[in-house]
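One letter stands for each residue in the lines below.
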Number of protein chains: 4
Amino acid sequence: MAAALGTRGGSWLKGFPRCFPGTTARVRRVYNRAGTLGTPMLSKRRRESITAGMGPFVGLLHTSHIHNSGCRQELQSWRKQQTDSSVLSRSQLLKEPAVGMVSGLLGILLSHGTKVMYQSDMPQAAFFSPLQKMMLPPNAFKGKVAFITGGGTGLGKGMTAALSHLGAECVIASRKLDVLKQTAEEISSKTGNKVHAVQCDIRDPTSVSNAVAQLIKEAGHPSIIINNAAGNFISPSEGLSANAWRTITDIILNGTAFVTLEIGKELIKAQKGAAFLAITTIYAESGSGFVSPSASAKAGVEALCKSLAAEWGKYGMRFNIIQPGPIKTKGAFSRLDPTGAFLKGMIERIPCGRLGTVEEIANLATYLCSDYASWVTGAVIRMDGGEYVSMAGEFNDLRKVTSEQWKMLEEMIRKTKGS
Amino acid sequence: MAAALGTRGGSWLKGFPRCFPGTTARVRRVYNRAGTLGTPMLSKRRRESITAGMGPFVGLLHTSHIHNSGCRQELQSWRKQQTDSSVLSRSQLLKEPAVGMVSGLLGILLSHGTKVMYQSDMPQAAFFSPLQKMMLPPNAFKGKVAFITGGGTGLGKGMTAALSHLGAECVIASRKLDVLKQTAEEISSKTGNKVHAVQCDIRDPTSVSNAVAQLIKEAGHPSIIINNAAGNFISPSEGLSANAWRTITDIILNGTAFVTLEIGKELIKAQKGAAFLAITTIYAESGSGFVSPSASAKAGVEALCKSLAAEWGKYGMRFNIIQPGPIKTKGAFSRLDPTGAFLKGMIERIPCGRLGTVEEIANLATYLCSDYASWVTGAVIRMDGGEYVSMAGEFNDLRKVTSEQWKMLEEMIRKTKGS
Amino acid sequence: MAAALGTRGGSWLKGFPRCFPGTTARVRRVYNRAGTLGTPMLSKRRRESITAGMGPFVGLLHTSHIHNSGCRQELQSWRKQQTDSSVLSRSQLLKEPAVGMVSGLLGILLSHGTKVMYQSDMPQAAFFSPLQKMMLPPNAFKGKVAFITGGGTGLGKGMTAALSHLGAECVIASRKLDVLKQTAEEISSKTGNKVHAVQCDIRDPTSVSNAVAQLIKEAGHPSIIINNAAGNFISPSEGLSANAWRTITDIILNGTAFVTLEIGKELIKAQKGAAFLAITTIYAESGSGFVSPSASAKAGVEALCKSLAAEWGKYGMRFNIIQPGPIKTKGAFSRLDPTGAFLKGMIERIPCGRLGTVEEIANLATYLCSDYASWVTGAVIRMDGGEYVSMAGEFNDLRKVTSEQWKMLEEMIRKTKGS
Amino acid sequence: MAAALGTRGGSWLKGFPRCFPGTTARVRRVYNRAGTLGTPMLSKRRRESITAGMGPFVGLLHTSHIHNSGCRQELQSWRKQQTDSSVLSRSQLLKEPAVGMVSGLLGILLSHGTKVMYQSDMPQAAFFSPLQKMMLPPNAFKGKVAFITGGGTGLGKGMTAALSHLGAECVIASRKLDVLKQTAEEISSKTGNKVHAVQCDIRDPTSVSNAVAQLIKEAGHPSIIINNAAGNFISPSEGLSANAWRTITDIILNGTAFVTLEIGKELIKAQKGAAFLAITTIYAESGSGFVSPSASAKAGVEALCKSLAAEWGKYGMRFNIIQPGPIKTKGAFSRLDPTGAFLKGMIERIPCGRLGTVEEIANLATYLCSDYASWVTGAVIRMDGGEYVSMAGEFNDLRKVTSEQWKMLEEMIRKTKGS
């Protein structure tokens, strides 16, 4: 099995289509027409062309996606809102000049060249080379059931692969059953352990309720629950419609709450414990411009987890949080930021001098979900190569002063001193 | 005017019906029948009888209220959800054994006596007696327009009164136009400055949009915006339905966002700046069991404010946060906690040895909204008599060790030492 | 080796004298005579009798100790201060009725019985039983050198044992060479890997410099550095002399800085990277009464680590922090808190319903020091069974309301409602 | 009096020599000779010439200073350390190529021009123009005694001036009696209220004890205590000697503790309450490279204040913290950063688009020390124009994307969509 788990530089995900492929992780912004309250509209074709041109933030966002069905629902609610004053056919709606995927902006703004991809690591990255092997001992999750939202792609897929390798029976959920099924089969065929696919729109309590019923019926009560599904808009906040705002709140905060409350109630009834893990972000505490809905909703998720860590410990449940920084992806960066200017700037402020990997997050996640961490609850763990402390510290920009410059000063002062 | 503003021990609110009267601040819990997804149901009469028997947490919650119309809306959405499988008339719904106001529990549990109200202050409170006078100089807000959500009652009313006293033209908003109008007239008659009442359900973007239009039309662009409206359920989290959860998120987080985004866009268009203030809670950062929806939504509000403080400074907007601890109310405590046991426990852990007053919060709020604080943005200010640090510090329970006991130990050790 | 590492319920420390034995971990309070500036005085005999009667906080404090030599030094500095106005012989000093070990107070106050030890776990602890096995794969630290301050006892010893088991060549440092040597031999004999003992008073830069020179000479540059040495006084702050304050600052904050700066400079010269880990406490951020010097110094350590995480990443160094909650010890609790009243109160507020174990901390510590965590820097990880969030959340005391009581209320309201 | 207090754009400090003049605020770095443990050496002449050329960080540092006498003391302690192995005369020491004032580096690096000073405000600063008038009503501190460390210059002087204007009898303390006396007289002559000057080296418990005795004897027990004295080195951390580190810890952390404990004990004895205020920094929580000693010591101060807020509330004492961002100074910036490049960069990331003023900090400080804030304790208040949230939020760099660029993207996507 050691071989299967890969060696340094390799990965247990080797052979898998890489996580965060540009074709599956999606970030959309709902365009707000001329001061109205916002009208999210996406034709399927449009969405695909956007996806094909995904921006540099895909990996950054450790974000799941906003699927077609959600969009349809938004449209319906929008149409419902409009019906008093106006009638628009669906086809009309879809013809509106509607969608902007603002994250693409950066790609477009920065894409003046096409060739050489920026060598993305700083010199010190040599000291911090990622250890891509599985950390926990084999079978650490033997006999356990894990439920992962947004488990079909990206980080969710990576964590699912790790749990499955370590013996867990995994149940992955999102709205796209086809994607889920493909991921489930792919992982299962490598690990030899069952992976179930369960369709679920976490924004809809009924859908959550059904999915949880299916989860329990098919695999039993989960002892690991990872709230990983998310969505994001990168946009000036003044460009956000109320619907855009609500879409993010619904997915991230309400969705996490619905899943957590529903599973929690079932576990209480069954008198079973579990380890919950939520994936948030390093800007949940600090807030951040241009991603205010996501910052707010993720902050809400953190408060929920801390609240329940305190309250539901008595039922045998633990709740922890990982705040990932920017995670490495394949393709997305090179496609949209060919000169590497944007990536370069970001990596320069990360003390470890490189992006993180899905495998690193997965190792931390499996630790937190394992019994090795059975005394860890209510904890918030930042894994970001130091980006947060580097940004937040007022004098850290002095890193741009070279040691030659520091020395030069000392020399000057030394000479001056003779006087 | 100094006289009007009251003196120490008095208040500029003197003569006003006290804030947080039991009859207006409301806290409800949506009862979750036997594993269904939650069915919030409240007859008007029932709500009133609950309200009349409000519990000790009213003041604690620095909470606005969840009004009739909101409830009706919840019912409608609930009915809509049910129509596929069942048909229930509204009257049937209202006959369901439905509502639990869990906050009342404490009152009931603790109400074994009826007589002497607990003298609510600890000895040290003598050192911390509240200064109820207006702090800012007269006319500090002359010529300015202030918009306050949840401004009809409680803290919102107190802050409105203060702003009005200091010269602002105030616009208060909530769903209850009758309450608003009464408050508006009451304040205006005392201060001589206009107070407008604008109906608004902050959960509804259209309602917000209309209210903001009305605000600008009647009073002009606001340069002070206080997001104060809130709601809360005190309940074991496993007792929360999805609807109960969403109700809180909608009011606190989405409502604040809708108001903020809408006004922000208008200010940007008009190239005007403003000071925004949000009222959250001391458990927004730490989370807290039994109030998880409120903790989460308030944490979201804080992240929103910090995000926009960073992003919208360039437009001349500031965003700050007050986290109030438990605020003094009149009547509520004595009615439902006659022995004072619960109140006593709470006050014992507050270093200042007493509850806060509406006037104290209002003085801090007016400071933050004034130009004296024009360089304060992205700040979070806890005003809680020290309750948070007292709770959070691991060894603070040693306050129960008396100085006699500490001395006794030293004596014992001293004697032992003779050897 | 699996056997050597123990199984659930056992420990890789099995066979070792348990960590935190009452006879080695020491907590002292410097008695402040009648308003003078504090005069720390401890005869060796006295210290031992105190130690024999160690209080319930020993384990809590995840604290190393304040050794004889330090005391002597304090005395000298004190005598020096006094020489202008008075002359006291050392023997006079040692006869002063001086020392109070306040942590013992609780033991004394609570020790009314003698027999049955409180069963220290809450019912939910069954869900959170500690996994005492080594988490990382064998040889994870093969060929690496680890330096651990306060490595002779307690947590430091536990982490050293874990690192040694995993292949590291360990160098442990403290002032007591005899204790260190015994620990070194004990661990080395079990793991088959070298453990060096280096005498070092971390408060003294020269001593640190010498110890680091010896470390590098004997074992080479360390790639793991654990700043674990600490000290604490549990005392009303008004009972602290300036010397008592400075003693804690010197050990915890200055000591950590001296070790870190000295080793850091050597690593920079040698162009080698390393993972630094500091052990602080859950009250470093919140502060806490009765342990203010420790809270302050630990907060300082956290800021140092975050500062260097940002600044020294470029040199290949990472800096992380574990904040442990109360850790289980053998003997201490039962001896001084026979009725279990104090322990009971503490455990009741820990969501996991039990104390932590040295092995759990050691597993987290080895993870953070390993290459699995090479993208973790500037992180602060709380491991406390949820105690912090439980204390900090304003409404968590409602856990004392039983579910029967919550139900009772609902029933009452239901009945009332008929009207 | 209104006139005396100045009007918007003016200041109650008008007529006073400006705070933070280059000639009084000092920042030094102790040069570490070739790998030794650090040898702080400063000739008096050298110090003065450095001071005359103070760098752009003076204002930034909201730092008091490290005076001659302290330096002398360091030298003495250093000489004492050396005497075992070597003998160096004082004159030898002073000839060493010793001092570097690293903060000057930036000035030197950036000083290519001499003429036009950078217009330091961003466009939005027009919205945030500082209100320099006194906020509190006249005589708010009538009959009260205030004690301010580092009160002779800078922020400390500004806060003293404000308190004195408002009626307090002030006692200012630092090591430079001549500076203190001049400030005391200057303020007193304007306000008509007594200002006392008390010499005190806060690093020395005996000096603190004497100063407190003098304070109480001359003015009575203080009811306002501002811990404002500080020091800082701006330097790569690998350039710090152990002595440099300890110098900062001693001033900031130990000094604050000695003052606080000493006064606290006296207040307890006299059964009097008081409001304590500490001035820290926005990087106390986040840490920051290049100022690690200051970050650590300030973090320690914050923990001390929070600890005592919880513990000493019962004695009538409150403890709060202001974290100032960069404060405006006169002269310093223009002298050393004539092109304004450094200043420009800093101001661009401050949402309010300008530096803060001493008067603004003083208004907040007087509020927190007044009875208007008698229910504020354990609070940490950031006043930084939003710099912290702006730095910390991961996506805030997108502020560099112009609205034209955002629009351009939307246009492009709109066009693309036609397909």
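This is a predicted model, so every value here is computed, not measured.

Enquirer: What exactly am I supposed to notice about the environment of glycine 313 of chain A here?
Expert: Structurally, glycine 313 of chain A can be placed in the loop between helix H11 (292–311) and strand E6 (317–324). With near-sequence residues (within four places) excluded, glycine 313 of chain A lies in contact with Leu308 of chain A together with Gln124, Phe128 and Pro351 of chain C.

Enquirer: What should I look at first to understand the packing of helix H8 (residues 205–219) of chain D against helix H9 (residues 242–270) of chain D in this one?
Expert: Axes are the key here: two packed helices are described by the angle between their axes and the distance separating the axes. All names here are of chain D. Closest axis-to-axis distance for the H8/H9 pair is 10 Å, and the angle between their directions is 45 degrees. By the criterion of interaxial angle, the relationship of H8 to H9 is oblique. As H8 packs across H9, the resulting crossing turns out to be right-handed. Along the contact surface, H8 presents Pro205, Val208, Ser209, Val212, Leu215 and Ile216, while H9 presents Phe258, Val259, Glu262, Ile263 and Glu266. Each residue belonging to the contact of H8 with H9 can be placed in one class, and the counts come to eight nonpolar, one polar and two charged.

Enquirer: How do you make sense of the pattern of salt bridges when you look at a structure like this?
Expert: Opposite charge on two side chains allows them to pair when their charged atoms are near. In total, this model carries 44 salt bridges over all chains according to the counting rule given. One salt bridge in this structure joins arginine 354 of chain B and glutamate 360 of chain B, with 2.7 Å as the shortest N-O distance. For lysine 344 of chain D, the salt bridge is made with glutamate 348 of chain D, and the minimal N-O distance between the two is 2.9 Å. One end of the pair, lysine 344 of chain D, and the other, glutamate 348 of chain D, are both in helix H13 (residues 341–348), four residues apart, so they sit about a helical turn from each other. When its relative accessible area of 33% is taken as the criterion, glutamate 348 of chain D is described as partly exposed. Residues joined in a network through salt bridges with shared partners are Arg349 and Glu387 of chain A together with Asp397, Arg399 and Lys400 of chain D.

Enquirer: Got a minute to help me understand the side chain of serine 374 of chain A in this structure?
Expert: For serine 374 of chain A, the location among the structural elements is in the loop between helix H14 (358–369) and strand E7 (380–383). Separated by 3.2 Å, the side chain of serine 374 of chain A and the backbone oxygen of phenylalanine 128 of chain C make a polar contact. Only 3.5 Å separates the side chain of serine 374 of chain A from the side chain of glutamate 360 of chain C, close enough to count as a polar contact. Once residues lying within four places of it in the same chain are set aside, the contact partners of serine 374 of chain A are Arg318 of chain A together with Phe128, Ser129, Pro130, Leu131, Cys352, Arg354 and Glu360 of chain C.

Enquirer: Would you explain the interface of chain D and chain B in this entry?
Expert: By a widespread convention, an interface's size corresponds to the accessible area lost as its parts come together. Listed per partner, the contact involves 55 residues of chain D and 55 residues of chain B. In terms of surface lost to chain B, no three residues of chain D exceed Met135, Tyr372 and Trp375 of chain D, which account for 23% of the buried area on that side. Counting the contacts that link chain D with chain B gives 14 residue pairs in polar contact (both at pLDDT 80 or more). Along the lines of polarity and charge, the residues of the side of chain D that touches chain B split into 28 nonpolar, 16 polar and 11 charged.

Enquirer: Sorry, what's going on with helix H11 (residues 292–311) of chain B here?
Expert: One full turn of an α-helix is made of 3.6 residues, so residues set three or four places apart face in the same direction. If you check H11 of chain B, its first and last C-alpha atoms are 28 Å apart, about what 20 residues at 1.5 Å a residue would give, namely 28 Å. The buried fraction of H11 of chain B amounts to 20 of the 20 residues, a majority that puts the element mostly inside the structure.

Enquirer: Would you explain the sheet that holds strand E4 (residues 224–227) of chain C in this entry?
Expert: In any sheet, the strands associate via hydrogen bonds between backbone groups, in a parallel or an antiparallel arrangement. Residue and element names in this part refer to chain C. If you trace the seven strands from one edge of the open sheet to the other, you get E3-E2-E1-E4-E5-E6-E7, paired in parallel fashion. The open sheet terminates on both sides in strands that have one partner only, identified here as strand E3 (195–199) and strand E7 (380–383). Between one strand axis and the next, the sheet turns by 20 degrees as a mean value, whatever way the strands run. Taken together, the four bridges between E4 and strand E5 (residues 274–279) define a ladder with parallel strand orientation. Bridge pairing links isoleucine 226 to leucine 277 in E5. This element, helix H10 (residues 242–270), spans strand E1 (145–149), E4, E5 and strand E6 (317–324) of the sheet and lies at about 170 degrees to E4.

Enquirer: Would you mind showing me how to read the packing of helix H9 (residues 242–270) of chain A against H11 of chain A here?
Expert: Residues and elements named next belong to chain A. One can describe the packing of H9 onto H11 by two numbers: an axis separation of 8 Å at closest approach and a directional angle of 15 degrees. In this view, H9 runs roughly parallel relative to H11, as classed from their interaxial angle. Here the hand of the crossing between H9 and H11 comes out right-handed. Counted together, Trp245, Ile248, Thr249, Ile252, Leu253, Thr256, Ala257 and Thr260 of H9 and Ser292, Pro293, Ser294, Ser296, Ala297, Lys298, Gly300, Val301, Leu304 and Leu308 of H11 form the full contact between these two elements.

How each quantity is defined
- Within every chain, residues take consecutive numbers counted from 1 along the sequence as written.
- For this description, chains carry letters from A and ligands carry numbers from 1, given in the order in which they are written.
- Confidence filtering applies because this is a predicted model: local features only for residues at pLDDT of at least 70, side-chain atom pairs given and counted only at 80 or more, and all residues used for totals across whole chains, interfaces and linings.
- The side-chain numbers reported here are obtained from all heavy atoms of the structure, hydrogens and water having been left aside.
- Helix and strand assignments come from DSSP, with helices taken as H or I runs of at least 4 residues and strands as E runs of at least 2, each series counted from the N terminus.
- In what follows, a contact means two residues having at least one pair of non-hydrogen atoms within 4.5 Å.
- Whenever a helix is involved, its axis is fitted only over the stretch in contact; in every case the axis is a line through C-alpha atoms, and angles between N-to-C directions fall within 0 to 180 degrees.
- Angles below 35 degrees are treated as roughly parallel, those above 145 as roughly antiparallel, those between 65 and 115 as roughly perpendicular, and all remaining angles as oblique.
- Less than a right angle of anticlockwise turn of the near helix away from the far helix marks a crossing as left-handed, whereas a clockwise turn marks it as right-handed.
- By the convention adopted, Pro, Cys, Tyr, Trp, Phe, Met, Ile, Leu, Val and Ala count as nonpolar, Lys, Arg, Asp and Glu as charged, and the other residues, Gly among them, as polar.
- By salt bridge we mean one thing: a side-chain nitrogen of Lys or Arg within 4 Å of a carboxyl oxygen of Asp or Glu.
- Throughout, exposure labels follow a simple rule: accessible area from a 1.4 Å probe, protein chains only, divided by the maximum for the residue type, with under 20% read as buried, over 50% as exposed, and the rest as partly exposed.
- For this analysis, a polar contact is any N or O atom pair within 3.5 Å, provided that within protein one partner can donate a hydrogen and the other can accept it, and provided that sequence-adjacent residues contribute only side-chain to side-chain pairs.
- Accessible area that two parts lose when put together, with a 1.4 Å probe and added across both, is what the buried area reports.
- Expected span, for any helix, means 1.5 Å times one less than how many residues it has.
- Paired strands are those between which DSSP finds at least two bridges.

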